[in-house]
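Residues per chain are reported as follows:
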Amino acid sequence: MSAEVQTIWAELVAATLVDAGITVCVTSPGSRSTPLVAALAATEHDALRLVTIIDERAAAFFALGVARATGKPACVVCTSGTAAAHYLPAVIEASMAGVPLVVVTADRPPELQDCGASQTIAQRGLYGGFVRGAYDLGAPVASEASLRAVRRTVIQAITMALGPCPGPVHVNVPLRKPLEPARPVTGDHRVLAQLATALRGPRVLAPPRLVPDPAAIAELASAISVEPRGVIVVGAMPVELASAREAVFGLAVRTGYPLVAEAGSQLRFGPRPARVVFVDHLDLVPADRVPAPALVLQLGAEPVAASWPGWVARTRPARWILAGSSWRDPDSTARGVILGDVAHAVSALAAALAPTSESPTRTEWLDDWCAIEQQAEAAVDRALEAHPGSESAVVRAALGAMPDGAILQIGNSLPIRVVDQVARTAEIGRHARRCAVITQRGAAGIDGLIASAAGATTAGRPVLLVLGDVSFAHDIGGLLAARCAAAPLAILVIDNRGGQIFAGLPVARADLGAAFDRYWLTAPELDPATVARAFGASAITAGSAAATAAAVTTALATAGVTVIHAPVTTSGAHDVRRTAIELYPQPALGKLGGDP
Ligand SMILES: Cc1ncc(C[n+]2csc(CCOP(=O)(O)OP(=O)(O)O)c2C)c(N)n1
Ligand SMILES: [Mg+2]
């Protein structure tokens, strides 16, 4: 093997990535990956954007954000050793959430394994069961068969990343010194280069799709057709599921069921038909006032509403889950889990259902839900007025300042729940602002959110990231990655002085004293604005909800990264939820709401 052969080999890998549809590749610096990165740098043109991010953990989260926002697979390339290990959190999130990610790791060749060679670890199988496929290209060999195998393996890997169960794949690439590119000079090398060139060209990838079982759809349709007291509940969904919006709305009409669409569902924002009964504030309805459905049809990730597990446990509906490519039923009570493409399942189900006929029970059922939603909405509005310094008030103001077409990325912990509670429904109508929503609900980590939001700007639309102060501190390194943002990026740091989600958990009432603050809340004691400026980002400190709205407007209209520091009350999220539930009207005498 010579440097010339290795160069041909690496250039074929780079060209094949592009031929197979990779448009963004995130590299991190290193020596062993030199042939690959040099080939990618030479390949970079309109079809490929190359981004370089020092920290591989941030690089992988950036790529995750790219894939989430664009719906296309993104690629990361790193050197050998622990560099590859830093990809693990993002690989796990991609695996759990079904996001296509192509992980390319340079490696030492076989003769340098298990012998104390520097920066050499066992990289094969490094990501265990979290990848859809793990491939090793073997060290470069000067033969046409080997070149064909390289190209086939890369295409095979990317196909596996796309389906039938989308997710990450690992391609390990052993490389030998000399690593720097070398042009072919001998006749043999020129012939090999021509062979490699002849292999290139656009490739059609054909990942299989999981088609839901028609018999199961038919059974579900017949269950729905005899059950007027049903509800459709939609948890977080990937951005590309936005194309199924109309189909889900159509299904709600066909079934005659109200639609509980969580903030991450792609159904909350944007125009919504008036003939669908939307229930956005279920989490703010007192438990004893929520009706008991006989059937719940679930789509997307497990709901985040705190009231959801109790509601299901109390009312014990027949739960049917349109689950996509991974099993979803954490409390093991589902009547049916239908695996397969969700958009396909929704359309097939709507087609299998006869239009619902008006019946007093159906009308009463929907009227009840309409009333519940109106009362909860009024209650939360009043609760927000009562707590103007709360994060809930700040989040509502920020959402109101988002321009049409922007991307909203919601951090975990309280932000995902607060957005769900306060995102206004008043925007139903044809002119409501559309906004794609990115959530990190695969493994529900608070990690990598800044880097991931920076990656999401690759879609060319402004991105608003709403995250907590601990989450901000966790991904401070992501601010370096944010320098690669391709569109305005506003990072709204909800500073409630620590992980205030824990204040709502039993541990907060366990009389742990100062230990609770020290080991659970862990307030970072950082000034996000100072940190932002140190990383070259703009910074605004917003002391009120109105100031936050103004800051979001400015930030999303300004190129680059703006960190908006929003100091809020420590208990605001809990206060608003509690107050909204307290303000929910009492049942009229003689009329009993709630469980039958
Ligand atoms: C990577 C990772 N580490 C730890 C956790 C556990 N965790 C869940 S919420 C949370 C606190 C988050 O605090 P903050 O971002 O300030 O949000 P808040 O609770 O105040 O809304 C932690 C540490 C996690 N989910 N992910
Ligand atoms: Mg916090």
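Here we summarise the structure given alongside this text. The residue numbers shown here count from 1 along each chain, following its written sequence. As they are written, the chains are lettered A onward and the ligands numbered 1 onward, keeping that order. Selection of residues for local features in this predicted model requires a pLDDT of at least 70, selection of side-chain atom pairs for listing and counting requires 80 or more, and totals for whole chains, interfaces and linings are taken over all residues. By convention in this description, side-chain values take in all heavy atoms of the structure and omit both hydrogens and water.

## Overview of the overall build of the chain
Moving on, step 1. Runs of E in the DSSP output that reach at least two residues are strands. Runs of H or I that reach at least four are helices, and both are numbered from the N terminus. What the chain contains, in helices and strands, is 21 helices and 17 strands.
Moving on, step 2. Atoms counted for the radius of gyration: C-alpha only. Globule rule: 2.2 Å times the number of residues to the power 0.38. The C-alpha radius of gyration computed for the chain amounts to 26 Å, which stays within 12% of the reference 25 Å derived for 596 residues, consistent with globular compactness.
Moving on, step 3. Dimensions of the chain, computed from C-alpha atoms along their principal axes, come out at roughly 95 × 60 × 45 Å.
Moving on, step 4. Burial analysis of the chain (596 residues in total) assigns 56% to the buried set.
Moving on, step 5. In this analysis, two residues are considered to be in contact whenever any of their non-hydrogen atoms come within 4.5 Å of each other. Put simply, 81% of the contacts in the chain that link residues at least 6 apart link residues at least 24 apart.
Moving on, step 6. For the chain, the accessible surface area stands at approximately 23200 Å², while carbon and sulfur atoms represent 57% of it.
Moving on, step 7. Distance between charge centroids for the chain: 3 Å, based on 48 positive and 51 negative side chains. Partly exposed residues are those whose accessible area sits between 20% and 50% of the maximum for their type, while under 20% is buried and over 50% is exposed, using a 1.4 Å probe and protein chains only. Each accessible area is a Shrake-Rupley estimate made with a 1.4 Å probe; only the visible protein chains count as cover when residues are assessed. Positive charge is attributed to Lys and Arg, negative charge to Asp and Glu, and no charge count is given to His or to the chain ends. We put the charge of a Lys on NZ, of an Arg on CZ, of an Asp on CG and of a Glu on CD.

## Some words on the nonpolar core
Moving on, step 1. Within the largest apolar cluster, 57 residues are counted, with the highest numbers of intra-cluster contacts made by Val26, Ile53, Phe62, Phe472 and Ile491.
Moving on, step 2. Among the elements that make up this core, the one with the highest residue count is helix α3 (residues 56–70) (10 residues).
Moving on, step 3. Contacts of Phe472, omitting those with residues within four sequence positions, involve Ile450, Leu467, Leu479, Ile491, Val493, Pro528, Val531 and Val563.
Moving on, step 4. Val380, Val422, Ala549 and Ala555 belong to the second-largest nonpolar core, a separate cluster that totals 45 residues. To form a nonpolar core, buried Ala, Val, Leu, Ile, Met, Phe, Trp, Tyr and Cys residues must be joined to one another through side-chain atoms within 4.5 Å.

## Let's talk about the coordination of the magnesium ion (ligand 2)
Moving on, step 1. All of the protein donors around the magnesium ion (ligand 2) are Asp469 (OD), Asn496 (OD1) and Gly498 (O); their distances to the metal are 2.0 to 2.1 Å.
Moving on, step 2. All donors of the magnesium ion (ligand 2) come from a single chain, and their spacing in sequence reads D-x26-N-x1-G. Here Asn496 lies in the loop between β15 (489–495) and α18 (514–521) and Asp469 lies in helix α16 (residues 469–474), a separation of 27 residues in the sequence.
Moving on, step 3. Looking at Asn496, the relative accessible area reads 5%, which means it is buried. With water omitted from the atoms examined, metal sites may look incomplete; donors here are N, O and S atoms no farther than 2.8 Å from the metal, or 3.2 Å in the case of Na, K and Ca.

## Notes on the site of ligand 1
Moving on, step 1. Residues are classed as near a molecule or strand on a simple rule: at least one heavy atom within 4 Å of it. Every one of the 18 residues lining ligand 1 counts as a neighbour, but Ser413, Asp469, Ser471, Asn496 and Gly498 are closest to it.
Moving on, step 2. For the purposes of these results, a polar contact is taken to be a pair of N or O atoms within 3.5 Å, where, inside protein, one atom must be able to donate a hydrogen and its partner to accept one; residues adjacent in sequence count only when each atom of the pair is a side-chain atom. Asp469 places a side-chain nitrogen or oxygen 2.6 Å from an oxygen atom of ligand 1.
Moving on, step 3. The backbone of Gly498 places a nitrogen or oxygen atom 2.8 Å from an oxygen atom of ligand 1.
Moving on, step 4. Listed by contribution, the elements that provide at least two residues to the shell around ligand 1 are α14 (414–422) and α16.

By themselves these figures say nothing about function.
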